[in-house]
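Now for the letters of each chain:
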Amino acid sequence: MIVGEQKPLEEIKELVADYERILVLGCGTCVTVCFTGGEKEVGILASSLRMATKIDGQGKVFDEDTVQRQCEWEFLDAVEQEIKEHDLILSTACGIGVQAIVERFPQARVAPAINTTFLGLPEEHGLWTERCAACGECMLHQTAGVCPIARCAKSLMNGPCGGSQDGKCEIDPEVACAWQLIYDRLKAQGRLDQMLEITPARDWSTSRDGGPRRLVRQDLRID
Amino acid sequence: MKSGSNLEKVLTEGHFAVTSEMGPPKGTSADFVRKTAEHLKHCCDAMNVTDNQTAIVRMSSLAACAILRQMDIDPVMQMVTRDRNRLAMQSDILGAVALGIRNLLCLTGDHQKFGNHPTAKNVHDLDSIQLEQMIKTMRDEGLFMSGDKISGDVPIFIGAAANPFADPFEFRVLRLAKKIKAGGDFIQTQAVFDIPRFTKWMEMVRDQGLHEQVYILAGLIPMKSAGMARYMKKYVAGLMIPDELVKRMAGASDAKEEGVNIACELIEQIRDIPGVRGIHIMAVAWEKIVPEIVERAQLLPRPIV
Ligand code: SF4
Ligand code: SF4
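Residues numbered from 1 in each chain as written. Chains lettered and ligands numbered in written order. Predicted model: local features only at pLDDT ≥ 70, side-chain atom pairs only at ≥ 80, totals over all residues. Heavy atoms only, no water.

The subject of this paragraph is the side chain of Lys178 of chain B. Inspection of the secondary structure puts Lys178 of chain B in helix H6 (residues 169-181). Although Lys178 of chain B is buried, it makes no salt bridge; Asp127 of chain B carries the closest opposite charge, 7.2 Å away. A polar contact of 3.2 Å, which involves the side chain of Lys178 of chain B, links it to the side chain of Asn158 of chain A. (Helix = DSSP H or I, 4+ residues; strand = E, 2+ residues; numbered from the N terminus. Buried < 20%, exposed > 50% of the residue type's maximum accessible area, 1.4 Å probe, protein only. Lys, Arg positive; Asp, Glu negative; His and termini not counted. Salt bridge = Lys/Arg side-chain N within 4 Å of Asp/Glu carboxyl O. Polar contact = N/O pair within 3.5 Å; in protein donor to acceptor, adjacent residues only side chain to side chain.)

Attention shifts here to the site of ligand 1. Around ligand 1 lies a shell formed by Arg131, Cys132, Ala133, Ala134, Cys135, Cys138, Met139, Leu140 and Cys147 of chain A. The residue makeup of the shell around ligand 1, split by class, is eight nonpolar, no polar and one charged. (Near = heavy atom within 4 Å. Nonpolar A, V, L, I, M, F, W, Y, C, P; charged D, E, K, R; others polar.)

Moving on, we come to the layout of surface pockets. Here the second largest pocket is characterised by a volume of approximately 1,300 Å³. Looking at the second largest pocket, it is lined by 36 residues, and the ones nearest its centre are Glu130, Ile149, Ala150, Cys152 and Ser155 of chain A. Contributions of two or more residues to the lining of the second largest pocket are made by strand S7 (127-132), helix H7 (148-151) and strand S9 (172-176) of chain A together with helix H4 (86-98) of chain B. Grouping the amino acids of the lining of the second largest pocket by side-chain chemistry returns 15 nonpolar, eight polar and 13 charged. (1 Å grid on protein atoms, 1.4 Å probe; cavity = no way out; pocket = protein on both sides within 12 Å on 5 of 7 lines; lining within 4 Å. Points joined across faces, edges and corners; volume = space filled by probe spheres on them.)

The next subject is the pattern of salt bridges. For the coordinates displayed, the defined rule picks out 27 salt bridges over all chains. In this structure, the salt-bridge partner of Arg21 of chain A is Asp63 of chain A, at a minimum N-O distance of 3.8 Å. Residue Arg21 of chain A is located in strand S2 (residues 21-27), and its partner Asp63 of chain A is located in strand S3 (residues 61-67); the two are separated by 42 residues in the primary sequence. Residue classification places Asp63 of chain A among the partly exposed residues on the basis of a relative accessible area of 27%. The partner of Glu80 of chain A in a salt bridge is Lys84 of chain A, with the nearest N and O atoms 2.6 Å apart. Taken together, the residues span about one helical turn, with Glu80 of chain A and Lys84 of chain A both in helix H5 (residues 80-85) at a distance of four residues. The class of Lys84 of chain A is exposed, set by a relative accessible area of 54%. One salt-bridge network, held together by shared partners, links Lys2, Lys136, Arg139, Asp140 and Asp185 of chain B.

Moving on to the site of ligand 2. All names here are of chain A. Residues in close proximity to ligand 2 total 13 residues, the closest being Cys152, Cys161, Cys169, Cys177 and Ala178. The pocket occupied by ligand 2, as judged from atoms lying within 2 Å of grid points, is the largest cavity. Classifying every residue of the shell around ligand 2 gives nine nonpolar, two polar and two charged. (Sits in = over half its atoms within 2 Å of the grid points.)

Moving on: the domain arrangement of chain A. The domains assigned to chain A are domain 1 (2-118) and domain 2 (133-200). With centres defined by C-alpha atoms, the gap from domain 1 of chain A to domain 2 of chain A works out at 38 Å. (Domains from an automatic or database assignment.)

Right, let's get into the sheet that holds strand S8 (residues 276-281) of chain B. Residues and elements named next belong to chain B. Spatially, eight strands are ordered S1-S2-S3-S4-S5-S6-S7-S8 in a closed barrel, and the strand pairing comes out parallel. Taking each pair of neighbouring strands and ignoring which way they run, the sheet shows an average axis angle of 30°. Where strand S4 (residues 103-107) meets strand S5 (residues 157-162), four bridges bridge the pair, whose relative direction is parallel. Considered in S5, the bridge of Asn103 is made with Phe157. Its contacts with the sheet place H4 against strand S3 (75-80) and S4, and it is angled at close to 175° to S3. Sheet contacts for helix H10 (residues 255-271): strand S7 (215-220) and S8; angle to S7, the most-contacted strand, approximately 160°. (Pairing = 2+ DSSP bridges. Axes fitted to C-alpha atoms, helices over the stretch in contact; angles between N-to-C directions. Contact = heavy atoms within 4.5 Å.)

Our focus in this paragraph is the packing of aromatic side chains. Applying the stated criterion to the full structure yields six aromatic pairs over all chains. With a centroid separation of 6.5 Å and 50° between ring planes, the pair formed by Phe157 of chain B and Tyr215 of chain B is classed as tilted. Taken as a pair, Phe157 of chain B in strand S5 and Tyr215 of chain B in strand S7 lie far apart in primary sequence, 58 residues in all. When sorted by exposure, Phe157 of chain B lands in the same class as Tyr215 of chain B, which is buried. Through pairs of rings, three or more aromatic residues link up here, namely Phe157, Phe186 and Tyr215 of chain B. Its guanidinium or amino end placed over the ring of Trp204 of chain A, Arg202 of chain A lies 5.1 Å from that ring's centre, counting from NZ or CZ. It is Arg271 of chain B that lies over the ring of Phe16 of chain B; its NZ or CZ is 4.6 Å from the centre. (Phe/Tyr/Trp six-rings, centres within 6.5 Å; stacked < 30°, edge-to-face > 60°. Lys NZ or Arg CZ within 6 Å of the ring centre and 35° of its normal.)

What follows covers empty space enclosed by the protein. Residues and elements named next belong to chain A. For the coordinates displayed, the defined rule picks out one cavity of 30 Å³ or more. As a volume, the largest cavity reaches approximately 100 Å³. Lining the largest cavity, in full, are Cys152, Ala153, Lys154, Pro160, Cys161, Gly163, Ser164, Cys169, Glu170, Cys177, Ala178 and Trp179. Class assignment of the residues belonging to the lining of the largest cavity gives a composition of eight nonpolar, two polar and two charged.

We now examine the sheet that holds strand S1 (residues 2-6) of chain A. Residue and element names in this part refer to chain A. Spatial ordering of the open sheet is given by S1-S6-S7, a layout of three strands whose pairing is antiparallel. Every other strand in the sheet has two partners, leaving S1 and S7 as the edge strands with one partner each. Shown here is a sheet whose adjacent strand axes are inclined to one another by a mean of 70°, direction ignored. Taken together, the five bridges between S1 and strand S6 (residues 114-124) define a ladder with antiparallel strand orientation. For Gly4, the partnering residue across the bridge sits in S6 and is Thr116.

Okay, structure coming up:
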């Protein structure tokens, strides 16, 4: 899922400072599952903002709503009227949701209430960790299902580097060394020979380095 | 000869090699480079120049190496994949050759988090093994990574690092084999303090016959104080310092002298390990001590080849 984290309230207060009628708009998909920007968090954020701005003596209105998926235009159409009636949409969706609103409603002013952090999973209660960097050319079959691009701090293709110690990455004793994980899994499965081969330089053009990416599926095109 | 560098000659003639290391200044002074180099010149066969070591910005390795060339020193230009992509690295390599630089050490580089620009973007277009491969192709086939032809030769003696003290231990020798396969001609290891572990690693190296495919230079860091020993033990990832050595440093009345004693003992023990072909002394910010260590270890004068 896409994982996000709410921005500090002080920062959000600045984002809404110049506006009076604000719609806090949540999303019912990824950010709901990671407890960042679903209906419940929208409610909490809106009431915190109401309180905070009241103390500061500002007469602002904070309305709330949540759509099932902010990243698809058809779900946004359902709240078209509401969007038009507010002078700021404070989105608690990921960056895709924010942009979807902007594109559908060119007049709308939109501000992000959360930082979209990564593609990952909940590892423990209250702990999410990154798993994929959307590189566009998945290599998980070569690395025992552990992604070195997203999970090695240096995105090494032939790790582990000399900073790997006790299973941890040199950047942080809390972070597992991805290449130690790869090694352990390959070893346990008797496939260590895979790690003896040199992985040649990658073609990064499928990744963000190739520019904004598009995906065309002719079979799904209508015209 | 692959490069004709002094280091390559010393090693191929079978001498026990000594390399040293200098960290370029956090500034523009060519004099600083010259002074440090002048000091180290007579006691080593080649001199490494670090490349933004520990992710702290310094004068470029390429520029400092060029100054060393003017002084007739054989530099080992270090290159980390953290700061440059394949375009920048290839063009620097061409420039290095044009300036007379003949040894290149391929490194991944410490994470920028440890340096003075922790908010920087890191590159890692290639990793250190892929960098070796790229240089080998440039040298042996005269081709850029893209397959385009290079005009002129690229005589480079390719170096790589090995860390026998990092994990997983059993993989460390296999990774060395990968580095040799990728094109490594010589290896400089992480600093050795833990002789039993290094001995074990070298045993595994010999079992695979790798010591005959590559020149291995063991790393050495002279300790200046007990504080430095403790700091390295605690904070430098991939470095192992036995408690006993830390204790000796702490108990010494003259810590610097004890540091030199330990360095000389380590060299002696390392020289006894079959397959080790030289020593690489990393005394960054304490270069002054290197001549004394090399002399006391009876490694002077350096051979003229
Ligand atoms: S290899 Fe690429 S697509 Fe596969 S998990 Fe890693 S970043 Fe994602
Ligand atoms: S310690 Fe492991 S995860 Fe961290 S940079 Fe090195 S290889 Fe990558």
